[in-house]
Amino acid sequence: MRSSQSAHCNFVFIVRLILVLLTLLLAAIIIAAEESPIDQVNIDYLLQTFCFVPCSQQPLYTGQEWIPGTGCEKYHNCVLGKPTSWAQCGNGLRFDPFNKNCEEAGAVSCPTLAPQTCPPTFTNQIVASSRSPSSRPSAEPTDYPTLSPTLPPQSVARDYIRSKRDEIERSVLVSYTNDGEAFPSTRYTFDGLMNGLDVIAVEGFGADFKFNLYEGVPNEWKKGLISLAAFLANSMVESIQYDSCDENNWQGLDGKYAISNSCGQEGYSYEDDECSFDFKSSCPVVSSMEVTAVNSPIGDSFPPPFQCKPGTSNAGYWDSSTGEIIQTFYTNVAGRKDIEGCCWWGRGALQTKGPCSVGKINYYLGKKGADIGRDTLYPSIDFCQFPEALCASADDKNLRWNAGLFEWAERIQRYNADDWNYDSELDKFIQGGMTSNAFITAVSRIVSRKCHRQGCSKVEVRMLDERTRHFFMIMNDIFELPMLLATPNPTPNPTPDPTRRPSLKPTMNPTIEIQKTNPNERPSMANIISTDEANNGLLVPNPNPTTFSDGLIRLEDNAARRKDGLAPLSLTSILLAWLL
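In this text, all values refer to a predicted model and were calculated from it rather than measured experimentally.

S.K.: For this particular structure, what's the right way to read the overall build of the protein?
M.R.: In terms of helices and strands, the protein carries 16 helices and 15 strands. Across the 580 residues that make up the protein, the buried fraction comes to 51%. Long-range pairs, those at least 24 residues apart, make up 67% of the contacts in the protein with a sequence separation of at least 6. For the protein, the computed accessible surface area is about 26200 Å², with 52% contributed by carbon and sulfur atoms.

Next up, the structure:
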């Protein structure tokens, strides 16, 4: 009797096992049918039949998008402007192109696109196929840019920066009165920045180097964004916060600010900053030169603009309590009491200062270069004879940015001393997860002190903590580089706005505040793409155990599966429980 019962139990177990396996196989087939890799033939069909460019509704779009010609039954999953997979809503459901979700069919208003003959080239910044348009699908692949089907490689970085205009204007291009009231910078504008990048980073200025925005270099443009974040972070401290092209007289003692600070602050003598032996175009220091800064920080409680002129043996100091200049014996930190020949204070976004740096601008951008046959941007401006041209020329609104971007390209990005090389350290910063302060602190020292090691100068970099916070705020919250470089995690449902937004929202009040991002609380960067991005710019599989093996975005509990029935994990659990 027991043998008969045992055989019966075994038979029932085997039957149940077979049923479980068949059910799981059927579920796998359904799941595979719901979401499938992108077929290039289908992409060609959309391009050529409807003139429809997938995932192009905005630069580097990440989210879901309806597929024309399917009655809104299917939709694409987009990652950084690329269609990576497609999925299908369940029975009785349709994908709502506006709410980005699968809804009841009767509640969805599905757009319609009539088949049409497309022009030979695609607009909206698409790299065009060389083939003639056709109304039928073609098996031949369509030519696509390496990074994104919506942005050609030669403009991808600048177009991405332009998409962040509002955030940059609210959180970076912000100045302050001496009373701490914030206002939008009038001298450092977004348009001026973009004009500068067009020239110094892309078009060039007749030299064998540029600001490394890496335009036209597939996948490297993200490194360019990090360089730009470091440049802007330093510019915020050096010039933007004061809304001044000319250096501000900021170093005082007991309310007294030496007029001779125009000769140098923090114990430095700007006129002694000469070039190395291999560069012969340093500006001469002329004691008879007379220059007055054309602008200074806005407000009544700032010292007067810097100036240089002969015959000033006792230039005196500015008294903050009375707002008056007291002409008496008074020295700056370096012991200087006169202002003869002291015309080399900082100017422009990075506060370019000294006869060497101004001489390089004159050689690469100005009259010195033109006189020896170079094609320069400002062939009629002799910056050595009139260094204030950086702030007072007819093109000063662009020159403020151009001077800073040029100095970054010439001096910062080409820095190579001891065991520290800019490009190598930038790569290390990315590979290390972009969380270390080492890169931005070293770069800030090079900007201010012309050396990278801690203790390499007699004083540490002024406002180093602020430069560091600004850098990570721009990199993480504005440029969203962790999102660009890391594999996105699966989202529970298609949402209207699936991309990660800045963790600190810019204020919408009239008083503008600089974002204060704690560099010790930055996003985890466990999922970093290697800089070569060998998979042709697609995101690598996320090592997080919740992701899928092929690395494509999955809508783990999307509306189609949740409304259609139980999630795969729940179905498996029930079947196993029934089997046992």
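S.K.: Just to check I follow, could you spell out the side chain of serine 239 for this structure?
M.R.: Inspection of the secondary structure assignment puts serine 239 in the loop between α6 (221-238) and β9 (256-258). Excluding anything up to four places from it in sequence, serine 239 contacts Tyr188, Ser244, Gly348, Ala349 and Gln351.

S.K.: Sorry if this is basic, but what is going on with the sheet that holds strand β13 (residues 324-326) here?
M.R.: Each strand in a sheet pairs with its neighbour through backbone hydrogen bonds, running either in the same direction (parallel) or in the opposite one (antiparallel). Read from one edge of the open sheet, three strands run β9-β12-β13, paired in antiparallel fashion. Only two strands of the sheet have a single neighbouring strand rather than two, namely β9 and β13. Here the strands of the sheet are splayed against their neighbours by 35 degrees on average, with no regard to which way each runs.

S.K.: Can you walk me through the state of the cysteines in this structure?
M.R.: Between two cysteines, a covalent bond joining their sulfur atoms is known as a disulfide. Scanning all chains against the criterion turns up eight disulfides. There is a disulfide in this structure between cysteine 245 and cysteine 391, and the S-S distance comes to 2.0 Å. Across the S-S bond of cysteine 245 and cysteine 391 the torsion is about -80 degrees, and the bridge reads as left-handed. Separated by 146 residues along the polypeptide, cysteine 245 in the loop between α6 and β9 and cysteine 391 in helix α9 (residues 389-392) bring together distant segments of the chain. Its relative accessible area of 3% is what places cysteine 391 among the buried residues.

S.K.: Explain the packing of aromatic side chains here, please?
M.R.: Given two aromatic rings, their pairing is described by the distance between the two centres and the angle made by the two planes. Counted by the stated rule, this structure contains 25 aromatic pairs. Seen in terms of ring centroids, phenylalanine 211 and phenylalanine 231 are 5.9 Å apart; in terms of plane orientation they differ by 75 degrees. Their pairing is edge-to-face. Of the two residues, phenylalanine 211 is situated in the loop between α5 (190-203) and α6 and phenylalanine 231 in helix α6; the sequence distance between them amounts to 20 residues. For phenylalanine 211, a relative accessible area of 1% puts it in the buried group. Looking at phenylalanine 231, the relative accessible area reads 0%, which means it is buried. Measuring from ring centre to ring centre gives 4.8 Å for tyrosine 317 and tyrosine 330, while their planes differ by 50 degrees; the resulting arrangement is tilted. With tyrosine 317 in strand β12 (residues 317-319) and tyrosine 330 in the loop between β13 and α7 (354-364), the pair connects residues that are 13 residues apart, well separated along the chain. Comparing tyrosine 317 with tyrosine 330, the two get one shared label, buried. Connected via pairs of aromatic rings, a cluster forms that spans Tyr188, Phe211, Phe231, Trp401, Trp408, Tyr415, Trp420, Tyr422, Phe429, Phe439, Phe471 and Phe472. Above the plane of the ring of tyrosine 270 lies lysine 353, whose end atom (NZ or CZ) is 5.7 Å from the centre. Between lysine 458 and the ring centre of tyrosine 268, over which it is positioned, the NZ or CZ distance is 4.9 Å.

S.K.: Would you take a moment to explain the packing of helix α10 (residues 396-412) against helix α12 (residues 438-449) for this structure?
M.R.: Packed helix pairs are specified by the crossing angle of their axes together with the interaxial distance, meaning the distance between the axes. In the contact formed by α10 and α12, the axes pass within 11 Å of each other and the chain directions differ by 105 degrees. Classified by the angle their axes make, α10 and α12 are roughly perpendicular. Contact with α10, carried on its side by Trp408, Arg411 and Ile412, involves Val443, Ile446 and Val447 of α12 and no other residues of that element. Split into classes, the residues belonging to the contact of α10 with α12 amount to five nonpolar, no polar and one charged.

S.K.: Would you explain the pattern of salt bridges in this entry?
M.R.: Between side chains of opposite charge, a pair can form as their charged atoms come close. This model, assessed by the stated rule, comprises 27 salt bridges. Residue aspartate 273 pairs with lysine 450 through a salt bridge whose shortest N-O separation is 2.5 Å. Residue aspartate 273 is located in the loop between β9 and β10 (291-292), and its partner lysine 450 is located in the loop between α12 and α13 (464-478); the two are separated by 177 residues in the primary sequence. Using a relative accessible area of 36% as the deciding quantity, one classes lysine 450 as partly exposed. Via salt bridges that share partners, Arg158, Asp159, Arg162, Asp198 and Glu215 belong to a single interconnected network.

S.K.: Looking at this model, I keep getting lost on the environment of tryptophan 345. Mind explaining?
M.R.: Relative to the elements of secondary structure, tryptophan 345 occurs in the loop between β13 and α7. Sequence separation between tryptophan 345 and glutamate 247 is 98 residues; the distance between their C-alpha atoms is 6.2 Å. Here aspartate 246 takes part through its side chain, which lies 3.0 Å from a polar atom of the side chain of tryptophan 345.

S.K.: Just checking my understanding: could you explain the nonpolar core for this structure?
M.R.: Within soluble globular proteins, side chains that are nonpolar generally end up buried alongside one another. Within the largest apolar cluster, 93 residues are counted, with the highest numbers of intra-cluster contacts made by Phe211, Phe471 and Phe479. Among the elements that line this core, the one with the most residues is α6, at 10 residues. When sequence neighbours within four positions are dropped, the list of residues in contact with phenylalanine 211 reads Leu197, Ile200, Ala201, Ser227, Leu228, Phe231, Leu405, Trp408, Ala409 and Gln413. Formed by nine residues, the second largest nonpolar core is a distinct cluster that contains Ala87, Cys89, Leu93 and Phe95.

S.K.: For this particular structure, what's the right way to read α12?
M.R.: Between its terminal C-alpha atoms α12 stretches 16 Å, which fits the 16 Å expected from 12 residues at 1.5 Å a residue. Counting buried positions along α12 yields 10 of 12 residues, so the element is predominantly enclosed. Taken as a whole, α12 has its buried residues at Phe439, Ile440, Thr441, Ala442, Val443, Ser444, Arg445, Ile446, Val447 and Arg449. Buried residues belonging to α12 abut α6, α10, β15 (420-421), α11 (422-431) and α13.

About the criteria used
- Residues numbered from 1 in each chain as written.
- Predicted model: local features only at pLDDT ≥ 70, side-chain atom pairs only at ≥ 80, totals over all residues.
- Heavy atoms only, no water.
- Helix = DSSP H or I, 4+ residues; strand = E, 2+ residues; numbered from the N terminus.
- Buried < 20%, exposed > 50% of the residue type's maximum accessible area, 1.4 Å probe, protein only.
- Contact = heavy atoms within 4.5 Å.
- Areas by Shrake-Rupley, 256 points an atom, 1.4 Å probe, with all protein chains shown as cover.
- Pairing = 2+ DSSP bridges.
- Axes fitted to C-alpha atoms, helices over the stretch in contact; angles between N-to-C directions.
- Disulfide = S-S within 2.5 Å.
- Phe/Tyr/Trp six-rings, centres within 6.5 Å; stacked < 30°, edge-to-face > 60°.
- Lys NZ or Arg CZ within 6 Å of the ring centre and 35° of its normal.
- Parallel < 35°, antiparallel > 145°, perpendicular 65-115°, else oblique.
- Nonpolar A, V, L, I, M, F, W, Y, C, P; charged D, E, K, R; others polar.
- Salt bridge = Lys/Arg side-chain N within 4 Å of Asp/Glu carboxyl O.
- Polar contact = N/O pair within 3.5 Å; in protein donor to acceptor, adjacent residues only side chain to side chain.
- Core = buried A, V, L, I, M, F, W, Y, C linked by side-chain atoms within 4.5 Å.
- Expected span 1.5 Å × (residues − 1).

Everything listed is a geometric property; what it means functionally is a separate question.
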